[in-house]
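Chain by chain, the residues:
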Amino acid sequence: MFAIVEIAGLQYKVEQDQKLFVNRLKGDKGGKVSFDKVLLTVNGAITVGAPAVSGITVEAEILDHVKADKVIIFKKKRRKGYKVKNGHRQSLTQIVITGITGFEGGAKKAAKKETVKGEVLSDHATVNFGEDHELNYHLKKNNLSQSKENRETLITLGKAVKVELEKNILTHEEVDAAIIKNIDQFKALNK
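Predicted model only: the values in this text are computed from it and were never measured.

**Student:** How should I be thinking about the overall build of the protein chain in this particular structure?
**Tutor:** Each helix and strand in the protein chain was counted, giving 5 helices and 12 strands. Of all 191 residues assigned to the protein chain, the portion counted as buried reaches 30%. Restricting the contact set of the protein chain to residue pairs at least 6 apart, pairs at least 24 apart contribute 62%. As displayed, the protein chain has an accessible area near 13100 Å², and 50% of this comes from carbon and sulfur atoms.

In structure tokens form, the structure reads like this:
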């Protein structure tokens, strides 16, 4: 789960427990701040705001107020004897994201992620049926043609397996097992 939020005029992709430096914020060290201008959220489904997602807030805690590394600004005009050297250190605030709140069911939905043998599924462990390269990977792995018809068959097969297993997300192993189980459908297309 992550969100894209506008903090002090800049946009950041934030997740739970992430530390980041932002432009100087008002507030003391250890203080709490919240940001309600959330432009996009991903919590199982993608929600895009127009311009902001209503009801979602990003909570953060101020860790420290610091200054960035010095940036040198040097100006010169040749043959005129004009040289100016200035420096600048940007004032920053280090914050840690404590939570993204406002989802329906909030913590319940976050805790109810699909699991396989007690482990939380990551994006790398699941199959995205909207990506052709993932479908081609599974077809090539099972020595099948990477044609458009085979990809479409794999998408319909994936929908059927999701209904059969009563899941929203399939792992790579489940997709491979479904391909092996229904290999005759793919071979019929190749004739």
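**Student:** Looking at this model, I keep getting lost on the sheet that holds strand S10 (residues 91-101). Mind explaining?
**Tutor:** Pairing between sheet strands relies on hydrogen bonds along the backbone, with the strands arranged either parallel or antiparallel. Strand order in the open sheet formed by 4 strands is S3-S10-S7-S4, with antiparallel pairing between adjacent strands. In this open sheet, the two edge strands, each paired with only one partner strand, are strand S3 (19-23) and strand S4 (32-35). Going from strand to strand, the sheet's axes swing by 45 degrees on average, the running direction of each strand aside. One ladder, built from 10 bridges, connects strand S7 (residues 57-67) with S10; its direction is antiparallel. Bridged to Thr 57 within S10 is Thr 101.

**Student:** Explain the sheet that holds strand S6 (residues 46-48) here, please?
**Tutor:** Taking strand neighbours across the sheet as the criterion, the 4 strands line up as S2-S1-S5-S6 in an open arrangement whose pairing is antiparallel. Since the sheet does not close on itself, it has two edges, and those belong to strand S2 (10-15) and S6, each with one partner. Sheet twist, expressed as the mean angle between neighbouring strand axes with direction ignored, is 20 degrees.

**Student:** Would you mind showing me how to read unusual backbone geometry here?
**Tutor:** Residues other than glycine predominantly adopt negative phi, and peptide bonds predominantly adopt the trans conformation. Cis geometry marks the peptide bond from Ala 50 to Pro 51, where omega comes out at 0 degrees. Relative to the assigned elements, Pro 51 resides in the loop between S6 and S7. Even without a glycine there, the phi angle at Ala 8 is positive, about 50 degrees. If you trace the backbone, Ala 8 turns up in the loop between strand S1 (2-7) and S2. Classification of Ala 8 as partly exposed rests on a relative accessible area of 40%. One non-glycine residue, Asn 143, adopts positive backbone phi at about 55 degrees. Residue placement: Asn 143 occurs in the loop between helix H2 (132-141) and helix H3 (148-165). We classify Asn 143 as exposed; its relative accessible area is 74%.

**Student:** Explanation requested: the confidence of the model for the protein chain in the structure shown.
**Tutor:** If pLDDT is low for a region, its predicted coordinates should not be looked at in detail. On average, residues of the protein chain score 83 in pLDDT, and 86% of them are at 70 or above. Of the regions scoring below 50 in pLDDT, residues 105-119 engages in 13 contacts with residues more than four places distant in sequence or in other chains.

**Student:** Sorry, what's going on with the nonpolar core here?
**Tutor:** One recurring pattern in soluble globular proteins is that nonpolar side chains are buried together. Membership of the largest hydrophobic core comes to 20 residues, with the highest contact counts inside it found for Ile 7, Val 14, Phe 35, Val 58 and Ile 95. Within the residue set of this core, elements represented by two or more residues are S1, S2, S3, S4, S7 and S10. Ignoring anything within four residues of it in the chain, the contact list for Val 14 reads Phe 2, Ala 3, Val 5, Leu 20, Val 58, Ile 97 and Ile 100. By size, the runner-up hydrophobic cluster in this structure holds 12 residues, among which are Leu 135, Leu 144, Leu 157 and Ala 178.

The rules behind the values
- Residues numbered from 1 in each chain as written.
- Predicted model: local features only at pLDDT ≥ 70, side-chain atom pairs only at ≥ 80, totals over all residues.
- Heavy atoms only, no water.
- Helix = DSSP H or I, 4+ residues; strand = E, 2+ residues; numbered from the N terminus.
- Buried < 20%, exposed > 50% of the residue type's maximum accessible area, 1.4 Å probe, protein only.
- Contact = heavy atoms within 4.5 Å.
- Areas by Shrake-Rupley, 256 points an atom, 1.4 Å probe, with all protein chains shown as cover.
- Pairing = 2+ DSSP bridges.
- Axes fitted to C-alpha atoms, helices over the stretch in contact; angles between N-to-C directions.
- pLDDT = per-residue confidence, 0-100.
- Core = buried A, V, L, I, M, F, W, Y, C linked by side-chain atoms within 4.5 Å.

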